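# Observations on chain architecture
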Amino acid sequence: MMNSTKTVGSDLTRSMLMKGNKEIWCAVSDDSDEDAMLDHYGNDFTAYIVSFYDGQFYCNHGRAWAFAVPIKIVELC
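Residues numbered from 1 in each chain as written. Predicted model: local features only at pLDDT ≥ 70, side-chain atom pairs only at ≥ 80, totals over all residues. Heavy atoms only, no water.

### Focus: the confidence of the model for the protein
- Here the protein shows a mean pLDDT of 89. Residues at 70 or above account for 88%.
- No element of the protein has a lower mean pLDDT than helix 2 (residues 33-36), which averages 92, and none a higher one than strand 3 (residues 56-59), which averages 98. (pLDDT = per-residue confidence, 0-100. Helix = DSSP H or I, 4+ residues; strand = E, 2+ residues; numbered from the N terminus.)

Listed below in structure tokens is the structure:
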């Protein structure tokens, strides 16, 4: 039986950037992956992540984040 581990959270975002993905929509936080995914009622804690260096994720506006969890946003009809 093969032991496979799933890449998730900020690790997944780093992996996606290394594979050449651009502008990854993410929930972001400076505390943890779990905090990034909490419901922040009335706040917008999401960003397009475009790079990772010096231990930080950077969004398309140049803001640095410690944690960035890829998310999928879909239209509600």
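### So, unusual backbone geometry
- Here Glu 23, not a glycine, exhibits a phi torsion of approximately 45°, which is positive.
- A positive phi is found at Asp 54, a non-glycine position, where the angle reads about 50°.
- For Asp 54, the position within the fold is in the loop between strand 2 (46-53) and strand 3.

### Topic: the sheet that holds strand 1 (residues 24-29)
- The strand order across the open sheet built from five strands is 4-3-2-1-5, with neighbouring strands paired in antiparallel fashion. Looking at the sheet topology across the chains shown, the edges are occupied by strand 4 (64-65) and strand 5 (67-70).
- Relative to strand 2, strand 1 runs antiparallel, the two being bridged by four bridges. Residue pairing for strand 2: Trp 25 is matched across the bridge by Tyr 48.
- Across the face of the sheet, helix 1 (residues 9-18) comes into contact with strand 1, strand 2, strand 3 and strand 5 while running at roughly 80° to strand 5. (Pairing = 2+ DSSP bridges. Contact = heavy atoms within 4.5 Å. Axes fitted to C-alpha atoms, helices over the stretch in contact; angles between N-to-C directions.)

### Quick word on the side chain of Ser 10
- Relative to the helices and strands, Ser 10 is located in helix 1.
- With relative accessibility at 3%, the residue Ser 10 sits in the buried group.
- Engagement of the side chain of Ser 10 in a polar contact is seen with the backbone nitrogen of Ala 68, the distance being 2.9 Å. (Buried < 20%, exposed > 50% of the residue type's maximum accessible area, 1.4 Å probe, protein only. Polar contact = N/O pair within 3.5 Å; in protein donor to acceptor, adjacent residues only side chain to side chain.)

### Here we look at the pairing of strand 2
- In this structure, strand 2 lies alongside strand 3, joined through four bridges in antiparallel fashion. Residue pairing for strand 3: Ser 51 is matched across the bridge by Tyr 58.
- The turn linking strand 2 back onto strand 3 is made up of two residues, and Asp 54 within it adopts a positive phi angle of 50°.

### So, the pattern of salt bridges
- Taken as a whole, this structure holds two salt bridges when the rule is applied.
- Note that Asp 11 is salt-bridged to Arg 14, the shortest N-O span being 2.3 Å. Of this pair, Asp 11 and Arg 14 both sit in helix 1, three residues apart, which is roughly one turn of the helix.
- For Asp 11, a relative accessible area of 46% translates into the label partly exposed.
- Taking the relative accessible area as the measure of exposure, Arg 14 reaches 25% and is therefore partly exposed.
- Between Asp 30 and Arg 63 there is a salt bridge, with the nearest N and O atoms lying 3.5 Å from each other. On the criterion of sequence distance, the pair formed by Asp 30 in the loop between strand 1 and helix 2 and Arg 63 in the loop between strand 3 and strand 4 is long-range, its members being 33 residues apart.
- Since its relative accessible area comes to 41%, Asp 30 is described here as partly exposed. (Salt bridge = Lys/Arg side-chain N within 4 Å of Asp/Glu carboxyl O.)

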